[in-house]
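# Survey of secondary and tertiary structure
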Amino acid sequence: MTQTADIVIIGSGIGGASLASSLAPSGRRIVILERGDFLRDAPQARDDIEIFQKGYYRNTEEWFGTDGQSFLPGNYYYVGGNSKFFGAVMFRYRKEDFRPRSHMDGVSPGWPISYDDLSPWYDAAEAVFQVRGSISDDPTEPPHSEPYGYPPVPDEPAIAAVRKRLEKAGIHPSPLPLAIDIETWLRRAKTGWDAFPNTGKGKIDAEVGPLSRALAHENVSLITGANVLRLETDASGRRVVAAIFTKDGVEHRISADTFAVAAGAVQSAALLLRSANSAHPTGLGNSSDQLGRNFMNHNTSAMLTFDPLAPNTSVYQKTITFNDFYNEDNEFGFPLGNVQLLGHITGNILKANFPVPAPAWFTRVLARYAYGWFLTSEDLPNPESRVMVRDGRIVMNWVRSNMRAHEALIKKTRAAMRKAGFPIVLTHTFGRKTTSHQCGTARLGNDPKTSVVNLDCRSHDVENLYVTDASILPTSAAVNPALTVAALAIKAGLSIAR
């Protein structure tokens, strides 16, 4: 079965939906191909036992390491992509993240554009995702041309007390920039949103934000359950002529003038690698041999701080962050990373992640006095850190980097928490096969010899092929990448429309 469109977008996550929203007013016929279906509401959607202990929403897809061992990557395939479960944190990369700079275990190469180049597109992305925040005393906060459109999500009383304790300890906590309508979220159920599915409109994810705006235009349509197998080019290899996908067991072909791949850093690379042909023998748009390479994934840890005299009465918790150690730290002399609150950790969530079997009453007692934090350090690009496709299977070789900086971030944060009055501090560093914040497999750059796409996110090799997801990020920085992905996709939309 053959269909036609002006523009085909593969993926409806942050990058694909933001691109569709940017292009929708052009009037061109836009078809979005999404592998998953709509995420429907269900009693399990706010049940922390079903989600975290029983894995009700867990995807069973397996990827493989180069050691031959399979693992569950934790990706989600729904309309809106992984953002249906994200923490809704919408940081701008810091000005320093766009420049080359030294780290404890290497060098971050910087970007071919500056923060100032991307700043107007950050403004646009914050508007689309209705980001709540404030330009505060965060020492790393980059300049904004205009304030946030919504005030920050308010601290609950227990978290306001933590903020004061951190300030007294010399830390500079600030509001997390969040794509959350807190009143709407809590109206459904009194839970946090971090890793909970968004089955309503409380979390401004890719579906609720940009995709709904795009689909309000008659020229934009969405095909769900569409698993794209490969892209086909003309004989010259200079233009994509069709995407081949399956739906309900039937193979379909859709042709268009322009194609944009936004399936996520791993799946986009895998799709382009699977699309190899005689004109592109090592993968579509891979004359640089960089496709699938430079995979980055952030070095992350969870930290639990306990105070037996200060019960945590919060419901959602996730409202403050601090970047005191983000840039050159006085003790270590290198950038270390970001610290932000996790969503409130209930006894059931703690039980699901406890290192040994524990009774529910015990984890409930512990959770009552626990405050959860998420620590992030930059992962540096490395050509040997890569995504491959072997016998049709995704194979990952994540080469971790900069772990000394992450260990230093844990040390500094632990000391700050103890100074703030938390006598017990526990940490768990996530392993190599945790694939959150995936980025970097089709890097953006000026030089076709060292990058996959140009500054407009267009393939150096294929004139009508764009990539608009986290795979194009040249560096991972040390903050959540969602807003940067959205900003680049909106920017690419202007280029395509022209």
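See the structure shown above.
Now for a quick tour of the structure. (Residues numbered from 1 in each chain as written. Predicted model: local features only at pLDDT ≥ 70, side-chain atom pairs only at ≥ 80, totals over all residues. Heavy atoms only, no water.)

### Notes on the packing of aromatic side chains
By the definition in use, this model includes 19 aromatic pairs. For the pair Tyr76 and Phe85, a centre-to-centre distance of 3.8 Å together with 10 degrees between the ring planes defines the contact as stacked. Given the relative accessible area of 23%, Tyr76 is considered partly exposed. An aromatic cluster is present here, built from Tyr56, Tyr57, Tyr76, Tyr78 and Phe85 joined pairwise through their rings. One Lys or Arg, Arg165, reaches over the ring of Phe422 and ends 4.2 Å from the middle of that ring. One cation-aromatic arrangement involves Arg368 over Tyr369; the distance from NZ or CZ to the ring centre is 6.0 Å. (Phe/Tyr/Trp six-rings, centres within 6.5 Å; stacked < 30°, edge-to-face > 60°. Buried < 20%, exposed > 50% of the residue type's maximum accessible area, 1.4 Å probe, protein only. Lys NZ or Arg CZ within 6 Å of the ring centre and 35° of its normal.)

### Focus: the environment of Ile320
Residue placement: Ile320 occurs in strand β15 (residues 320-322). Among the residues examined, Ile320 registers a relative accessible area of 1% and is labelled buried. Considering only alpha carbons, one finds Ile320 and Asp155, 165 residues apart in sequence, at a separation of 7.8 Å. Every residue in contact with Ile320, bar those within four places of it in the chain, is listed here: Asp155, Ile159, Val162, Arg163, Leu166, Ser174, Leu176, Gln340, Leu341 and Trp373. (Helix = DSSP H or I, 4+ residues; strand = E, 2+ residues; numbered from the N terminus. Contact = heavy atoms within 4.5 Å.)

### Things to note about a nonpolar patch on the surface
A surface patch of nonpolar side chains, about 320 Å² in accessible area, is lined by Trp361, Phe362 and Val365. Tracing the chain through its elements places Trp361 in helix α9 (residues 360-368). (Patch = residues over 30% accessible without salt bridge, like charges linked within 9 Å, V, L, I, M, F, W, Y side chains within 5 Å. Areas by Shrake-Rupley, 256 points an atom, 1.4 Å probe, with all protein chains shown as cover. Salt bridge = Lys/Arg side-chain N within 4 Å of Asp/Glu carboxyl O.)

Interpretation in functional terms is not warranted from these geometric data alone.
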